[in-house]
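The chain contents come next:
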Amino acid sequence: MIRRTLILLLASLLLCAGAGQAQAAGYRYWSFWERDGGHWVYATQGPSLARPSDGDVQGFRFAVSEDSANAARPRGTADFATICAKTPAQDGRKRVALVLDFGTPADAPDGETPPAARTACARVSPDATTAEALAAVAEPLRYDTNALLCAIAGYPEKGCGEQVSQKRTPEHSRPTAERKSPSDDGPSLGLVAGIAVVVLLGGAAIWQVRRRG
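Residues numbered from 1 in each chain as written. Predicted model: local features only at pLDDT ≥ 70, side-chain atom pairs only at ≥ 80, totals over all residues. Heavy atoms only, no water.

Thoughts on the overall build of the protein
The condition that has to hold: The helix and strand labels rest on DSSP assignments: H or I over at least four residues marks a helix, E over at least two residues marks a strand, and numbering proceeds from the N terminus. Think of it in three bands: with a 1.4 Å probe and only protein chains considered, a residue is buried below 20% of the maximum accessible area for its type, exposed above 50%, and partly exposed in between. We call two residues in contact when some of their heavy atoms are within 4.5 Å. A 1.4 Å probe and the Shrake-Rupley method give the accessible areas. Residues count as covered only by the protein chains that appear here.
Check the secondary structure of the protein and you find five helices and eight strands. Start at the N end of the protein and walk to the C end: the helices and strands fall as α-β-β-β-α-β-β-α-β-β-β-α-α. Within the protein, the fraction of its 213 residues that count as buried is 36%. Sequence-distant contacts, at least 24 apart, represent 68% of the contacts inside the protein between residues at least 6 apart. When the accessible surface of the protein is summed, it comes to about 12600 Å², and 56% of that surface belongs to carbon and sulfur atoms.

Written out as structure tokens, the structure reads:
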């Protein structure tokens, strides 16, 4: 009887821990990034407010993310010189390099397939915002009533920042090599502690039975 109770308790701990790690609430949306040297930094302003300088590199990534800290970065390492190599400088205009990453099939809305990632060089007026630079090279754009960017180059066709359940993948739980949570490589601390308690209780119970016997 004691052994059966311990087995059921241990199984419950394993199931609860597995369920907590398998699913997490996230949002499907276009995140906005700025290139700082060789690294992507999450933008502090929306594309309709940000005013990039000539030579800047900015990126957009479509993905399901829990929050900005876990948002998936644009993929690719192309720099300004590479992206704008075929767009010569022009007096009275600025050039902004854009990286457009349409994400993975796993993050796509039902029935849609993400286009291949691409880059573009927007040549716009000196006071143009990122949204204006984006409109110059990646129409049609789609916004919701709160000015949230919903679609770039027509993708996705529907939806805008909707909440979805997601399975944790290496890209979602660890978007960069530097970020790594304790749950990525093994059981959580709570699970280990729970198993330890079960083992201790089991040992104590067996000792008591033997002592009585």
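Here the narrative resumes.
Description of the side chain of arginine 61
Defined as follows: Whenever two N or O atoms come within 3.5 Å, that pair is a polar contact, provided that in protein one can donate a hydrogen and the other can accept it, and provided that, for residues adjacent in sequence, both atoms are side-chain atoms.
Assignment of secondary structure puts arginine 61 in strand S3 (residues 57–65). A residue is classified by how much of its surface remains accessible, and arginine 61, at 0% relative accessible area, is buried. Among the polar contacts listed, one links the side chain of arginine 61 to the backbone oxygen of arginine 73, at a separation of 2.8 Å.

Quick word on unusual backbone geometry
Across the junction of glutamate 139 and proline 140, the peptide omega takes the value 0°, indicating a cis bond. With respect to the helices and strands, the residue proline 140 is situated in the loop between helix H3 (130–137) and strand S6 (142–143). A cis amide bond, omega -5°, links tyrosine 155 with the succeeding residue proline 156. Mapped onto the fold, proline 156 is located in the loop between strand S7 (149–151) and strand S8 (163–167). Of note, alanine 147 is a non-glycine position whose phi angle comes to about 70°, a positive value. One can find alanine 147 in the loop between S6 and S7. One non-glycine residue, alanine 153, lies in positive phi territory at about 55°. Following the sequence through the fold, alanine 153 ends up in the loop between S7 and S8.

Observations regarding the pattern of salt bridges
Applicable threshold: For this document, the term salt bridge refers to a Lys or Arg side-chain nitrogen within 4 Å of an Asp or Glu carboxyl oxygen.
Using the criterion set out here, one finds four salt bridges in the structure. Ionic pairing is found between aspartate 101 and arginine 61, a salt bridge with its closest N-O pair at 3.7 Å. On the criterion of sequence distance, the pair formed by aspartate 101 in strand S4 (residues 94–101) and arginine 61 in strand S3 is long-range, its members being 40 residues apart. Here the two residues aspartate 101 and arginine 61 agree in accessibility, since each one is buried. Connected through salt bridges with shared partners, the residues Arg61, Arg75 and Asp101 form a single ionic network.

What about the state of the cysteines?
Here, the word disulfide means a covalent bond between the sulfur atoms of two cysteines. Put simply, the rule is: Pairs of cysteine sulfur atoms within 2.5 Å are what we label disulfides.
This model, assessed by the stated rule, comprises two disulfides. A sulfur-sulfur distance of 2.0 Å marks the disulfide that ties cysteine 84 to cysteine 121. Residues cysteine 84 and cysteine 121 share a disulfide whose torsion about the S-S bond is about 100°; that sign makes it right-handed. A residue pair is termed long-range when its members are at least 10 positions apart, and cysteine 84 in the loop between helix H2 (80–83) and S4 and cysteine 121 in strand S5 (residues 118–124) qualify at 37 residues. Like cysteine 84, the residue cysteine 121 is buried in the burial classification. Paired by a disulfide, cysteine 150 and cysteine 160 hold their sulfur atoms 1.9 Å apart. Taking the sign of the S-S torsion, -75° for the link of cysteine 150 and cysteine 160, the bridge is left-handed. Taken together, the residues cysteine 150 in strand S7 and cysteine 160 in the loop between S7 and S8 connect sequence positions 10 residues apart. Note on cysteine 150: relative accessible area 3%, which makes it buried.

A closer look at the layout of surface pockets
To be explicit about the condition: With a 1 Å grid laid over protein atoms only, a set of points is called a cavity when a 1.4 Å probe fits there but cannot get out and a pocket when it is open yet has protein on both sides within 12 Å along at least five of seven lines; lining residues have an atom within 4 Å of a point. Grid points are joined across faces, edges and corners, and a volume is the space filled by probe spheres set on the points. Residue polarity follows a fixed list, in which Ala, Val, Leu, Ile, Met, Phe, Trp, Tyr, Cys and Pro are nonpolar, Asp, Glu, Lys and Arg are charged, and the others, Gly among them, are polar.
In this model, the largest pocket occupies a volume close to 240 Å³. Lining the largest pocket are 14 residues, with Trp30, Phe32, Gly46, Pro47 and Leu148 positioned closest to its centre. Take the lining of the largest pocket: its biggest share by element is four residues, from strand S1 (residues 23–36). Residue composition of the lining of the largest pocket, grouped by class: 10 nonpolar, four polar and no charged.

Let's talk about the nonpolar core
Condition: Put simply, a nonpolar core is a bunch of buried Ala, Val, Leu, Ile, Met, Phe, Trp, Tyr and Cys residues held in one set by side-chain atoms that sit within 4.5 Å of each other.
Counting residues in hydrophobic clusters, the biggest one holds 20 residues, and the most contacted among them are Trp30, Phe60, Leu98, Leu100, Leu134 and Ile152. Elements with a contribution of two residues or more to this core: S1, S3, S4, S5 and H3. What leucine 100 contacts, discounting residues up to four positions off in sequence, is Phe60, Ala117, Arg118, Leu134, Ala138 and Ile152. Tyr29, Trp40, Val57 and Val99 belong to the second largest nonpolar core, which has 11 residues in total.

Purely geometric stuff here, so don't read any function into it on its own.
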